[in-house]
Structure formats: structure tokens, C-alpha cells
Amino acid sequence: MGNTNQNTNDLKIKKYSSVYNQNLDLVVNKAFEFIIDTTKIGGSNTQYGFTASSTPVNFTVDWGDGTSDVITTYNDPLLTHDYIATGGAGVYNIKITGLLPSPRFYGTYDDKLMEITNWGNIGVTSMVTTFRNCTNLVVSATDGSGWKPTSMILAFSNCTSLVSGVSNIDVSNCTNFFATFRSSSSFNEDLTSWNVSNGTDFQGFFRDCTSLTLFPINWSVKGICSDFFYECTSANPDLSTWNFEGVTSYNYMFKDTSYNRPITNFSSASLYDISRMMRGTPFNQNVDSLTSSVMTRIQDWCRSGSGFNQSLGAWNLENVISLGYISNGSMSNANYQDTLVGWLGWSGGAPTRTVASGLSVNAYSSKYEIGGDSEAARNYLISTLGWTITDGGGI
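Here's a quick rundown of the structure. (Residues numbered from 1 in each chain as written. Predicted model: local features only at pLDDT ≥ 70, side-chain atom pairs only at ≥ 80, totals over all residues. Heavy atoms only, no water.)

With respect to the overall build of the chain
We count it as follows: Put simply, DSSP H or I for four residues or longer makes a helix, DSSP E for two residues or longer makes a strand, and each gets a number counted from the N terminus. Computation of the radius of gyration draws on C-alpha atoms, with the globule rule given as 2.2 Å multiplied by the number of residues to the power 0.38. Using a 1.4 Å probe on the protein chains alone, a residue whose accessible area is under 20% of its type maximum counts as buried, one over 50% counts as exposed, and one in between counts as partly exposed. All accessible-area figures derive from a Shrake-Rupley calculation using a 1.4 Å probe, and residue coverage is judged against the displayed protein chains alone. In this tally, Asp and Glu contribute negative charge and Lys and Arg positive charge; neither His nor the terminal groups of the chain are included. For the purpose of locating charges, the reference atoms are NZ of Lys, CZ of Arg, CG of Asp and CD of Glu.
Helices and strands together make up the secondary structure of the chain, namely 2 helices and 17 strands. A compact globule built from 395 residues would reach a C-alpha radius of gyration of about 21 Å, whereas the chain, at 27 Å, exceeds it by more than 25%. Principal axes of the C-alpha set define a box for the chain whose edges measure 90 × 40 × 30 Å. Evaluated residue by residue, the chain yields a buried proportion of 52% over its 395 residues. Element-wise, carbon and sulfur atoms account for 45% of the exposed surface of the chain, whose accessible area totals about 15,200 Å². Between the mean site of the 22 positive side-chain charges and the mean site of the 32 negative ones, the chain shows a separation of 3 Å.

Structural notes on helix α2 (residues 373-383)
Rule in force here: The arc under discussion is defined with respect to the helix axis, by the directions toward the C-beta atoms. Between two residues, a contact is recorded if the distance between any of their heavy atoms is within 4.5 Å.
Every buried residue of α2 is listed here: Ser374, Glu375, Ala377, Arg378 and Leu381. Taken around the axis of α2, the buried residues stretch over an arc of 165°, which confines them to a single face. Buried-residue contacts for α2 involve α1 (333-344) and β17 (388-390).

A few points about the sheet that holds strand β15 (residues 324-325)
Operational definition: Strand pairing is assigned whenever DSSP detects at least two bridges linking the two strands.
One open sheet holds the 3 strands; their spatial order is β15-β16-β17, and the pairing between them is parallel. Pairing within the sheet leaves two strands with one partner each, and these edge strands are β15 and β17. Looking at chain direction, strand β16 (residues 360-362) and β17 are connected through 3 bridges and run parallel. Looking at β17, one finds that Ser360 is bridged to Thr388.

Brief notes about the side chain of Thr257
The criterion, for reference: Two N or O atoms form a polar contact when they lie within 3.5 Å of each other; inside protein one atom must be a possible hydrogen donor and the other a possible acceptor, and for residues adjacent in sequence the pair counts only when both atoms belong to side chains.
By the element assignment, Thr257 lies in the loop between β14 (247-249) and β15. When its relative accessible area of 5% is taken as the criterion, Thr257 is described as buried. Among the polar contacts made by the side chain of Thr257, one reaches the main-chain carbonyl oxygen of Phe254 at a distance of 2.8 Å.

Focus on the pairing of strand β9 (residues 91-99)
Alignment of strand β3 (residues 32-37) against β9, held across 6 bridges, turns out to be antiparallel. Of the residues in β9, the one forming a bridge with Phe32 is Ile96. Of the strand pairs in this sheet, strand β6 (residues 58-62) and β9 are connected by 5 bridges, and their pairing is antiparallel. Bridged to Asn58 within β9 is Leu99.

Some remarks on α1
As a reminder of what qualifies: One fewer than the residue count of a helix, multiplied by 1.5 Å, yields its expected span.
With 12 residues, α1 should cover 16 Å at 1.5 Å per step; its first-to-last C-alpha distance of 17 Å lies within 8% of that length. Taken from the residues just after α1, Gly345 is the one with a positive phi, measuring 60°.

Some points on the nonpolar core
Buried together is how nonpolar side chains tend to be arranged in soluble globular proteins. Selection criterion: Put simply, buried Ala, Val, Leu, Ile, Met, Phe, Trp, Tyr and Cys residues joined by side-chain atoms within 4.5 Å make one nonpolar core.
Ranked by internal contacts, the top residues of the largest apolar core, which has 104 residues, are Phe131 and Phe156. Where this core is concerned, the elements lending two or more residues are β3, β6, β9, β11 (113-118), α1 and α2. The leading source of residues in this core is α1, at 4 residues. Not counting residues within four places of it along the chain, the set of residues in contact with Phe131 comprises Phe32, Phe105, Leu113, Ile116, Trp119, Leu137, Trp147, Ala155, Phe156, Ser157 and Cys159.

Remarks on the sheet that holds strand β7 (residues 68-71)
The pairing of strands in a sheet happens through backbone hydrogen bonds and is either parallel or antiparallel. With mixed pairing, the 6 strands of this open sheet are ordered in space as β7-β6-β9-β3-β11-β12. With one partner strand each, in any of the chains shown, β7 and β12 (138-139) form the two edges of the open sheet.

Examining the environment of Asn198
Counting through the fold element by element, Asn198 comes out in the loop between β12 and β13 (223-224). For Asn198, a relative accessible area of 37% gives the class partly exposed. Ignoring any residue separated from it by four or fewer positions in sequence, one finds Asn198 in contact with Ser172, Asn173, Cys174, Thr175 and Lys222. A polar contact of 2.6 Å, which involves the side chain of Asn198, links it to the backbone oxygen of Ser172.

Structural notes on the pattern of salt bridges
Using the following cut-off: By definition, a salt bridge exists where a carboxyl oxygen of Asp or Glu is found within 4 Å of a side-chain nitrogen of Lys or Arg.
Inspection of every chain in the model, using the stated rule, returns 8 salt bridges. For Asp208, the salt bridge goes to Arg207, with nearest N and O atoms at 3.6 Å. A residue is classified by how much of its surface remains accessible, and Asp208, at 19% relative accessible area, is buried. With a relative accessible area of 15%, Arg207 lands in the buried category.

Notes on unusual backbone geometry
With a phi angle near 55°, Leu154 is a residue other than glycine that sits in the positive phi range. By the element assignment, Leu154 lies in the loop between β12 and β13. A positive phi angle, near 55°, is found at Glu231, a position not held by glycine. By the secondary structure assignment, Glu231 is in the loop between β13 and β14.

A word on the side chain of Asp273
On the secondary structure map, Asp273 appears in the loop between β14 and β15. In this structure Asp273 is buried but unpaired, with Arg297 as the nearest side chain of opposite charge at 4.9 Å. Polar contacts involving the side chain of Asp273 include one to the side chain of Ser275, which spans 2.6 Å. If sequence neighbours within four positions are ignored, Asp273 has contacts with Thr248, Ser249, Tyr250, Asn251, Met295 and Arg297.

A closer look at the packing of aromatic side chains
Here is the rule: The aromatic pairing rule takes the rings of Phe, Tyr and Trp, using the six-membered ring of Trp, and pairs them if the centres are within 6.5 Å, calling planes under 30 degrees apart stacked, those over 60 edge-to-face and the rest tilted. Charge-over-ring contacts are defined here by two conditions on Lys NZ or Arg CZ: a distance within 6 Å of the ring centre and an angle within 35 degrees of the ring normal.
If you walk through the whole model with that rule in mind, you get 54 aromatic pairs. With 5.5 Å between their ring centres and 70° between their planes, Phe181 and Phe205 make a pair best called edge-to-face. Of this pair, Phe181 sits in the loop between β12 and β13 while Phe205 sits in the loop between β12 and β13; the two residues are 24 residues apart in sequence, bridging distant segments of the chain. On the basis of relative accessibility, which here comes to 0%, the residue Phe181 falls in the buried class. Given the relative accessible area of 0%, Phe205 is considered buried. Between the aromatic rings of Phe181 and Phe206, the centroid separation amounts to 5.8 Å while the plane-to-plane angle is 20°, which identifies the pairing as stacked. With Phe181 in the loop between β12 and β13 and Phe206 in the loop between β12 and β13, this residue pair connects regions lying 25 residues apart in the sequence. Between the NZ or CZ atom of Arg207 and the centre of the ring of Tyr230, over which it lies, the distance is 3.6 Å.

Laid out in C-alpha cells, this is it:
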């Protein structure tokens, strides 16, 4: 190891990986280049370092001070570099060439990473927490297709200075997008070019991205979409071109956003959780698409919002275990009555649909019709199915 003048341009690496059970035969001719500032918070003001996962590694680091190291083990102590003898505290341009499948700049020195100037190709297959908490990071690089992660869990989480520069990363094989940009409060890049169709976990994808105004089109998502736009306060994205078939959860998806658009394409046979989906939003659209035979959780789905006034009568409550607040106090009496009748399919003085027992529901001040089908349906829910219903009484 130690310092070396090895020329790693056009370096050919052939290494068998028992971890991936495949032959990694790569010609790597482009460096991953980035700028650091050792004077920022984190460790000594003359040091910088990063980590690698336990997957096979074989790469060279040019530290930008005339020295370089060859790294062949993930826990090599040479992954921390001290500039005290070669230039002292300051700004340096670092280049990595070779094979580094899972780099991580999250940790002691994360605030010292300032800018990515070239993505290059270093055989990246995982971006799990790669840049998490790199609060000063910006990206000026315009390439990126050499990075092909299969997981982006917390990849850019809390990168509060990051605005754009990631749209060229190849995510077509990525299955896990959990909290990819969570709390990256400056981020605002159109990611339409990303193929996310293999993803199954999008929980918290854009959560707390408060500057977000650019939204992808033609995405196909499935699995968990909980917290997707959570507290993206000004977000009101047009998702009419998205394919949601296969989504299982919208829990907290739009909480405390400005969302108020049609959701007719949100239907999914696998959907089981819409709890708090529209909480704190101005949403007021038809919701017939938000139902499935496997639905179990609806708890407070739009509580604390404003203006919702639609019937929920089309919803299938056969397997529901939590219901709670069904409106934010603005549901009309007519829509509340239609909801009670619709849930049971009340007809001819009897229910025609199966509904779960023992649920609690709060309709604020909305009123049922005395002597009408809505009162009969309400009485059946309470006396026969053991529901607890809070509303404005009868009229």
C-alpha cells in the first residue's frame, strides 16, 4: 500500500466475488472526482476520510496533495488521510479509480465533502447511506450512468445543500428507494429520466424536501409509498401519468402538503393502508379509487385537512381494522349519509355488503337523516356490528 505513482487510467480489474457470486470483469477508465474542505466540522482540520463496505474493493485514491494509496480491503486504515505533512488544512480535489462497489461518505467527515465534479465509473452497485448527512454537498458533474445502484436507502438523506446533479445515475436495477432524499431541503431536480420500475420500497422518498417543485412524469411505482411527499409543504404534483398498480401503502403519503389533484389512477388491488394519507392537506377529490378487498388501515386518512367534501361510500370495509376520523369537519350531510348507506350497501332495510365489526369512526358535525336509510345503516353499524360513531346527530 502506501504512496504510489501507479497510473490507473484504463485499469483492468478482474476479481471473483463470492458475495455477488459473479465475475467482476471491469475496464474502469473514469475517475470519481470530488472536492473536500478539511476545515469543515468533523475530526481533525487536516484530515479527511471515507469508508467502503465489506464487498471486494481494489481502487486507488489520489488525495490531491501529490500522494495516493492503493486500497484492497474495506477497513484499510489508509482510508483516512492526514494532510498535515503535505499541505495542511484546506481544499483538495480527490480522485478515485478502480473498483469501489459501495462507497460511504457518511460519518465523521461527511460535512467536509463539498462538491462532486465527475461521477466516473468505479463499479458502484450500492448507494446505501453513501452521501447521508453530507450537508455541504453540491453536484456539478454531468455524467453518472457509470453508477448502477441496486439500493439507494438514505443515499442523499439530509444533503441540505444538494439541488440537482443526480438525474443521470442509472437506477434501473434499484429495488429499494427508502428515504433516498429525505430532509434534503434544497433538492429540486426533475427525475423523469430515472427508471424506478423495479423499486418496491419508496417510503419517505422525498420526505421533507421543502423546495421541491419539479416532479417526475411517467413513473411506475409499487410496494410501499408511505411518506413519499411527507411535509413537502408546497407540493401539489401532477401524478396523472404515474402507474400505481401494485402499491400496498399510501400511509402519510401527502401529509402537510398542498396536494389537491384527482387520484383516479391510484387504484391498486394490493392496497391495504391509506391511513393519514391526506392529513393536513386541502384535498377534495373523488376517492373511489382508494379501495381494495385487502384494505385494513384507513385511520384518520384526511384529519386536520381543510375542505374535504366527498362520499366514502364506495370503500370496501370488509377487512378494515382502523378507521378514525373520516373527514376534517367539512363533509356535507348528503355525503355523510351516502357514506353510511354505501359502506353497507344498504337496500330494502338490510345490508348487502360485508363490513368489519368493532370500528370507531368520527364524522365531526355531519348529520344522518332521521327516518332515512342513513339512520337505519348507522343503527345497524352500532347495534349489530358494535361500532362507535361520533357525528352531529340526526336532522
